[in-house]
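Observations on the model geometry
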Number of protein chains: 2
Amino acid sequence: MKASGTSIEYTDLLRDAGLRATPGRILLLQVLEREPKPLTVYQIEKKLDGKVNQVTIYRSLDALYKAQIVKRVNLEHDHAHFELAAGREHHHHAVCRNCGYIENIEIPHAVKPEREAMKQTERFSFLDTYSLEFFGLCKKCD
Amino acid sequence: MKASGTSIEYTDLLRDAGLRATPGRILLLQVLEREPKPLTVYQIEKKLDGKVNQVTIYRSLDALYKAQIVKRVNLEHDHAHFELAAGREHHHHAVCRNCGYIENIEIPHAVKPEREAMKQTERFSFLDTYSLEFFGLCKKCD
DNA sequence: TTCTTTATTGCAAATCAATTGCACTTATAG
DNA sequence: CTATAAGTGCAATTGATTTGCAATAAAGAA
């Protein structure tokens, strides 16, 4: 069983991606690790409680996104949300249209939908990721 | 065969949704009708070429979105995109991670994925829509 | 360890999409 | 034709995200 979420592990993860393992990035990754659901920059900032500057959070998330270490989740109405990608199953989200409440959803796909999608494209070389988000009303808002 | 995209049809569509059929809204819907792919507010504004104020475009899109006449599409990296929902098949999108190029994708789903998703939720009353977007690189950017 | 290079950070300022207040206009029901 | 509430346009504001630049620090080399 592999250790998870340690700063050492994140140091390696960052370096393997060609990024410097700075304390701020490790703290950021630890925040994302603790939270199963996607967070906004503002929520991340609060959880980091002044330990990392807001601009640095933006820039780190951008670097981590490009390195595929974090995912950028796009939910209607809202600003970008981020969640840890490294070491997690690909999953989907259910979003309340009224209050923005989020739940994770796991759906076993018999067929990778990217393949099916590729058959239909005209000018794409490849499609390697997809996002599937569900919308409705949560029990509180219904 | 039904007439499509006429101002008369849109007048009815708007009134049925409890909205006033103003010239600006009809022009906006005609712009969306002509375009098969989702547009940003800025693109819509350009196509309306000064005939409708930017603030009105925002407010109209909001009203049309709530009335389910237009869809708000969420693609990574970008601002909101809008496309006509009324009278169109539910479809998905392929987005180039580099240049933002978009294609529409149609995937026949044997099972409505909302049902499967509902089985997994804890605090949702219902999930009635979903979005499925694919990401990759287009031939030009690869 | 110390040095050197270059990525990263933090601050202030700027940018830009999106929203709001308010007075004016207009669609529509009666 | 009139009344009224919805919709519009303008100016100003908000708030997330980005950028320039000087200071700092990570990582490899010596």
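Read on for an overview of the structure. Worth saying up front: this structure is predicted, and the values here are computed from it rather than measured. (Residues numbered from 1 in each chain as written. Chains lettered and ligands numbered in written order. Predicted model: local features only at pLDDT ≥ 70, side-chain atom pairs only at ≥ 80, totals over all residues.)

Quick word on the pairing of strand 4 (residues 92–96) of chain A
All names here are of chain A. Counting buried positions over the 5 residues of strand 4 gives 5, a clear majority of the element. Both strand 4 and strand 5 (residues 102–105) contribute to a ladder of 4 bridges, which runs antiparallel. Considered in strand 5, the bridge of H93 is made with N104. Hairpin connection from strand 4 to strand 5: 5 residues lie between these consecutive antiparallel strands, with G100 at a positive phi of about 85°. Strand direction decides the pairing type here: strand 4 and strand 6 (residues 124–138), joined by 4 bridges, are parallel. Note on strand 6: the bridge partner recorded for V95 is F135. (Buried ≥ 20, exposed ≤ 12 C-beta atoms within 10 Å, placed from the backbone. Helix = DSSP H or I, 4+ residues; strand = E, 2+ residues; numbered from the N terminus. Pairing = 2+ DSSP bridges.)

Describing the packing of helix 1 (residues 7–16) of chain B against helix 2 (residues 23–34) of chain B
Residue and element names in this part refer to chain B. The contact between helix 1 and helix 2 brings their axes to 10 Å, and the two run at 110°. Considering the angle they form, helix 1 stands roughly perpendicular to helix 2. Here the hand of the crossing between helix 1 and helix 2 comes out right-handed. Mapping the contact onto sequence places S7, Y10, T11 and L14 in helix 1 and R25, I26 and L29 in helix 2. (Axes fitted to C-alpha atoms, helices over the stretch in contact; angles between N-to-C directions. Parallel < 35°, antiparallel > 145°, perpendicular 65-115°, else oblique. Left-handed = near helix turned anticlockwise from the far one by under 90°. Contact = placed C-beta atoms within 7 Å.)

Focus on the protein's contact with DNA strand D
Neighbouring DNA strand D are 23 residues, the closest being A:H79, B:R20, B:T22, B:N53 and B:T56. Counting residues per element, the ones that place at least two in the surface near DNA strand D are helix 3 (41–48) and helix 4 (54–66) of chain A together with helix 2 and helix 4 (54–66) of chain B. Per-element accounting of the surface near DNA strand D gives the leading share, 5 residues, to helix 4 of chain B. Here the surface near DNA strand D is composed, by residue class, of 11 nonpolar, 7 polar and 5 charged. (Near = placed C-beta within 6 Å. Nonpolar A, V, L, I, M, F, W, Y, C, P; charged D, E, K, R; others polar.)

Quick word on the relation of the copies chain B and chain A
The two copies are related by a screw motion: chain B maps onto chain A through a turn of 180° and a shift of 0.0 Å along the axis, at an RMSD of 0.1 Å. Both chain copies can therefore be described as sitting about a two-fold axis. In terms of proximity to the rotation axis, the leading residue of chain B is B:L132, whose C-alpha is 2.2 Å off the axis. (Least-squares fit on C-alpha atoms with pLDDT ≥ 70 in both.)

Comments concerning the protein's contact with DNA strand C
By nearness alone, 23 residues border DNA strand C, and A:T22, A:N53, A:T56, B:A21 and B:H79 come closest of all. Of all the secondary-structure elements, those providing two or more residues to the surface near DNA strand C are helix 2 (23–34) and helix 4 of chain A together with helix 3 (41–48) and helix 4 of chain B. At 5 residues, the largest contribution of residues to the surface near DNA strand C is made by helix 4 of chain A. Taken together, the residues of the surface near DNA strand C sort by class into 11 nonpolar, 7 polar and 5 charged.

Focus: the environment of A:F82
Residue and element names in this part refer to chain A. Mapped onto the fold, F82 is located in strand 3 (residues 81–84). Distance from F82 to L27, taken between C-alpha atoms, is 15 Å for residues 55 residues apart in sequence. When neighbours within four sequence positions are excluded, F82 is seen to be in contact with L32, P38, L39, L61, V70, K71 and R72.

Keep in mind these numbers describe shape, not what the thing actually does.
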